[in-house]
Amino acid sequence: MSRYSANEIEAKWQEAWDKAGIFVANHKADKPKYYVLEMFPYPSGRIHMGHVRNYTMGDVIARHKLATGHNVLHPMGWDAFGMPAENAAMASGGHPKDWTYSNIADMRGQMKPLGLSIDWSREFATCDPEYYGQQQALFLDMLEAGLVYRKNAVVNWDPVDMTVLANEQVENGRGWRSGALVERRELTQWFFKISDYSEELLSALDTLDNWPAKVRLMQENWIGKSRGLQFGFERTDGEEPITVYTTRPDTLMGASFVGISPDHPIAKQLEAESPEVAEFVAECRKGGTTEEAIETAEKLGYDTGIKVKHPLDPNWELPVWIANFILMDYGTGAIFACPAHDQRDLDFCRKYDLPVIDTFFALEDDTPVDKIAFVPPKTEKVRWVNHFAGLTEATGDEAINATVDFAEKAGWGEGVTKYRLRDWGLSRQRYWGCPIPVVHCDTCGTVPEKKENLPIQLPYDNGDGNPIDFSIPGNPLDRHPNWRDCACPACGAPAKRETDTMDTFVDSSWYFARFTAPRAETPTDLAEAEYWMNVDQYIGGIEHAILHLLYSRFFARAMNVTGNLPKKAIEPFDALFTQGMVTHEIYQTRDKNDRPVYHLPEEVTDGKLADGTEVEIIPSAKMSKSKKNVVDPVSIISAFGADTARWFVLSDSPPERDVEWTASGAEAAFKHLSRVHRIASEIVDSDIPANAEDKILLREMHKAIHDVSGGVESFGFNASIAKLYAFTNTLAKSKAGTDAKRQAAKTLAQLMSPMTPHLSEELWQMLGGEGLVATAPWPVADEAMLVDDTVTLPIQVNGKRRAEISVAKDLPKDEVEKLALSTEAVQRALDGATPKKVIVVPGRIVNVVV
RNA sequence: GCGGGCGUGAUGGAAUGGUAGACAUAUCAGACUUAAAAUCUGAAGGGCGUAUGCCCGUGUGGGUUCGAGUCCCACCGCCCGCACCA
C-alpha cells in the first residue's frame, strides 16, 4: 500500500500535463470554445492566499469545461506598471523595470506549483514594450476618433515633494512621505471621453444577466443618472447670470443662498481680484481630492457680496456664497441651497446664520426643521407650503416633474438629464507607466506620434549610461536629459514628447482582448477575437466592481468603434464572479503605552506566547503584512502540497464570501486527501465479490455526480466539497464489491479533479483509469438512479414537527393524508380535536392545521 | 457624508417559503497501543426529564403565511467602496 506524498506526485503530474500540452489553447472549430479569465495579478513578488483562492476558482471552472468537451482558453499575465515599482526604487535603489521583471519571475515560480491549467504560452506583462506599444496604437486610434482630449483637472499636490500624490498617499490631509499639508491643484491632463457612453454603459447593464446584481447596482449608482432643472439666477449687478443645476427644483421656495464651487469661474475671478477670497479658496483647497474628504470636511463658506434675484420673485434677493462642499465636476458647479431639506445645506446655514425655510411637511407633523433636515423618500407624500406650481399634497417625484414642467412652460428653466460619471483622467506624472504617444510642437501644437514610431519606449537610463535617479521627487521623464527631444511628426521641427504616462487602469482595460492573440502585430487579431471573445467567465475581487469593469466596458466599445474589436465584444465579460478574501486571525498584545503589538501565527500556541503572555485574538481580518496575520502559500505548499491548499481555500465558505484561513483547517484538508488516497489503495488491494450493497453505493455515486457537478457549475464549490466529504464517508463504509467500489472511487477521483488535480491523476492511475483524468470525459449522472423509491415526510401540527412517515414516492395525496392523521404522535397532538385543514406538499411535508 | 454588503451552535458554514444546524473544525467519550501519534467508532444548539418526549432557539421588535433563517417594515451591530492603490 502506497502513502500520499503530495510533493512527489504534484511535480510528476505537472510534468505529464506539460508534455501532453493539454492546456495550450488552439483555435479549433470542432469544439465549443470557453474563455475563463481571472483578474491578472500585480507582480508584488509574492503570491498570497487571495491569489491561490482566485486562481483555484478559475482553474476549477477551466478544468471542468475541459472535461466537458470545451476548447478552453485560460491565460495568465501581469498587471506590471504602477507605483509600487517606483516606490521600491525610491526606497531602496534599483530600477523599476528590474524590480518588476524579477518579481514576475519569482511569482511565476510560486504559481506554477499550484498546478493551474494555464496556457503559459500566452503570458505577457503590461510593461512589455510589445504590449504597451499596441496600447499606444489604441490610444492614437481613440484620439483620432475623438475619444481623447485634454483639460484641466484637480490633483493632490505635495508642495514639499513637488509631486502629485495618489489618494492613498494622502494620510489625514498630509503627504505620506513629506508630511506636508496636501493641496488641491489644477494640471492639464489627458482624458478619455467615457461620458459619451454614460447612457449606453447604464442601459447595457440590463443585458448583463450573469453579473452579480450588486455590481450592476454599484455601476448604476456610479454612473448616477439624474433628472433635474437647469436655470440661471440673474445677478443684481447685471453680470452674466449664474447657471445652477438642481435635482430638487420643487424646493425652490426654500432657497436661502446660491453656492458656487471654489473652482467655479466666478470664484476664480474673485480670487484673482481679492486677497481675502484667494486666502479663503486656498483654505478650501487644503485636504484631499476624494469625495469622502470633501463631503466630511467641515463646511466652509465665504460671502462674495454678489446678489442674485429669485426667479419666482424679483424682489427676493439671495446672497452668493463660495462653499467648499460644492464640486465643480458635478452639474454646473453652482447650486441653490435649500437647508430645510438637505443636511449639508442646513449645517452650512446654521453655521453662517442663513435663513431656513420649510417648503413641505410630513402629512401629520408640521414641526419646523431645527437641526435635522427633513428629507423623506421621494416616493413619500408630503404637504406643500404655498407651492408655486400649485401643489398641495404630492410625492417628491411628482413635485419635481410638475416643477420642471412649470419652469419650462414659463420659460425660465430647462429639464436636463445629467450623469455623475466624470471623464476618465488617464494622465499620471510618473515614470513607470505606458508613455502617452503625443508630441508637443511649438508650431503644430499637440501632435499624435506616427504609428510606425511605436512603441515609444521608456528610457532605461539617462541615455549616457548613467542610471536614472529615482530618489529625487518628480517625474524622471520630465528631467531626462534627452528623452523628450524628438522631431515633430507633422512638420519635422524639433519638438518635445509628452511626459505623462497612462493610468494603469488603461493597461487592464483591454488585456483580456490581447490574450486572444498575444503576439499579434496589431492590438488584436480580429479573427482570433471573433473566435475567442467574449470572456465566458471572469473572476476577480469585488474591489474592482466599479472602475476596472466600467473602464473595460468603455474600452471594448471604443475598440469596436476604432476597428479593434468585433461588435459582439462590446460587453466583454459574459459572466462575472466576485470572490471574497482570505482572512486570518490577528494575534495581538499591548505594549506599555497600550499600543497594539502583533505576533505571527507561529509564535502563538493555545492563545499564548512562548513566555506565557495571553494573546488577544481578533477574528477574520484581511491578511496584511503589518498585522502579521499573513500565511504564505509557498510554505503551505511545501508542507502539505498544492492540492491541500486548493482544497481548503474552496471548502469552508461560499466563494463570494471571505474565507478564514486556519491551521487546523488546512491540516484537516491534508488528512482528508490522505484518507482518500488510503481508501483508494485499499480498494486496489481488495478482492470482494459483487453483492447487494453495490447498487446502494452506485446510487450514492450518481447522487454525488449530480450534486458535485451542480455545485461546480453554479460556483457552489463549498457545497461540492461538502458532498465529496459525504460521498467519501459513504465509500469508506460501504460493504460493496471491489468492482463497484473501484468504479465509485474512479468517479470520486474525477469529481475531485478540478479541485485536487494532482491527487486525482494519481488515484485515476492507481484505479486503472485510461489516460489523464484531466481530459477524461466528465461523468454524467443517471437520472433514474437519483430518485429514491420511498421518501420520508415530516408531519407538522400547526407548523410544529410532531412525527415523520416513510411512504412510496408516488403515493396519492389522500393516502398520505390518511397515513399522517393515523400516526400516534399526531393523534396525541390533536388530542381529540378535528383538523380544520391538512396541507400535503408531495415529497416535502404534511401540515395538519387545527 | 453618500453608496453597497453581511448578522444562524464554541468556530467556518448548510437549508427552491416546508424536519434549522448538512459538511467541516474545535471539544468530549470509546476502540487499537506498554504509551503516544496515526487511524477507526460514537456523542454533541440551550433548558427540563431515566425515558417515549416537552419547552425555547437563526442580531432586536413588529407584520404576511397553514408554515418564515428565507418575504415585508422599522431598528441595532459589523464590514467594504467613494474616481491618482492595484
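Predicted, not measured: the structure shown is a model, and the values here were computed from it.

Enquirer: Help me understand the sheet that holds strand β22 (residues 485-487), please; the structure alone is not making it clear to me.
Expert: Two strands in a sheet stick together by hydrogen bonds in their backbones, pointing the same way (parallel) or opposite ways (antiparallel). Spatially, β21-β20-β23-β22 is the arrangement adopted by the four strands of the open sheet, whose pairing is antiparallel. Strands with a single pairing partner mark the edges of an open sheet, and in this sheet they are β21 (445-448) and β22. For this sheet the average axis-to-axis angle between neighbouring strands, irrespective of direction, equals 45°. Two strands pair when backbone bridges link them, and strand β20 (residues 438-441) and β21 are joined in this way by four bridges, in the antiparallel orientation. Within the sheet, the bridge partner assigned to valine 438 lies in β21 and is proline 448.

Enquirer: What am I meant to see in the side chain of threonine 501 here?
Expert: Relative to the assigned elements, threonine 501 resides in strand β24 (residues 501-502). By relative accessible area, threonine 501 is classed as buried at 1%. Of note is the side chain of threonine 501, whose polar atom sits 2.9 Å from the backbone oxygen of arginine 430. Those residues in contact with threonine 501 that sit more than four places away from it in its chain are Leu426, Ser427, Arg428, Arg430, Tyr431, Gly433, Cys434, Pro435, Ile436 and Leu477.

Enquirer: Explanation requested: the protein's contact with RNA strand B in the structure shown.
Expert: By nearness alone, 59 residues border RNA strand B, and Asp79, Ala166, Gln189, Arg430 and Asn847 come closest of all. Considering RNA strand B, the proportion of its atoms within 4 Å of the protein that are sugar or phosphate atoms stands at 60%. Aspartate 79 has a polar side-chain atom sitting 2.8 Å from a sugar or linking oxygen of RNA strand B. Between RNA strand B and serine 427, the relevant distance is 3.4 Å, taken from a base nitrogen to a main-chain nitrogen or oxygen of the residue. For the surface near RNA strand B, a count of residues per class yields 20 nonpolar, 16 polar and 23 charged.

Enquirer: What am I meant to see in the nonpolar core here?
Expert: For soluble globular proteins, nonpolar side chains are generally found buried alongside one another. Judged by nonpolar contacts, the single largest core of 158 residues is most densely connected at Phe139, Phe192, Tyr511, Phe555 and Trp661. Element by element, the count of residues in this core is highest for helix α2 (residues 49-67), at nine residues. Phe231, Cys284, Tyr302 and Phe336 belong to the second-largest nonpolar core, a separate cluster that totals 30 residues.

Enquirer: Before we go on, may I ask you to explain the pairing of strand β23 (residues 494-497) in this structure?
Expert: Put simply, side chains in a regular strand alternate between the two faces of the sheet. In terms of strand pairing, β20 meets β23 through two bridges, oriented antiparallel. Of the residues in β23, the one forming a bridge with histidine 440 is lysine 496. Summarising the sheet, β22 and β23 pair through three bridges and their orientation is antiparallel. When the sheet's bridge partners are listed, aspartate 485 is paired in β23 with lysine 496.

Each value, and the rule that gives it
- Residues numbered from 1 in each chain as written.
- Chains lettered and ligands numbered in written order.
- Predicted model: local features only at pLDDT ≥ 70, side-chain atom pairs only at ≥ 80, totals over all residues.
- Heavy atoms only, no water.
- Pairing = 2+ DSSP bridges.
- Helix = DSSP H or I, 4+ residues; strand = E, 2+ residues; numbered from the N terminus.
- Axes fitted to C-alpha atoms, helices over the stretch in contact; angles between N-to-C directions.
- Buried < 20%, exposed > 50% of the residue type's maximum accessible area, 1.4 Å probe, protein only.
- Polar contact = N/O pair within 3.5 Å; in protein donor to acceptor, adjacent residues only side chain to side chain.
- Contact = heavy atoms within 4.5 Å.
- Near = heavy atom within 4 Å.
- Nonpolar A, V, L, I, M, F, W, Y, C, P; charged D, E, K, R; others polar.
- Core = buried A, V, L, I, M, F, W, Y, C linked by side-chain atoms within 4.5 Å.

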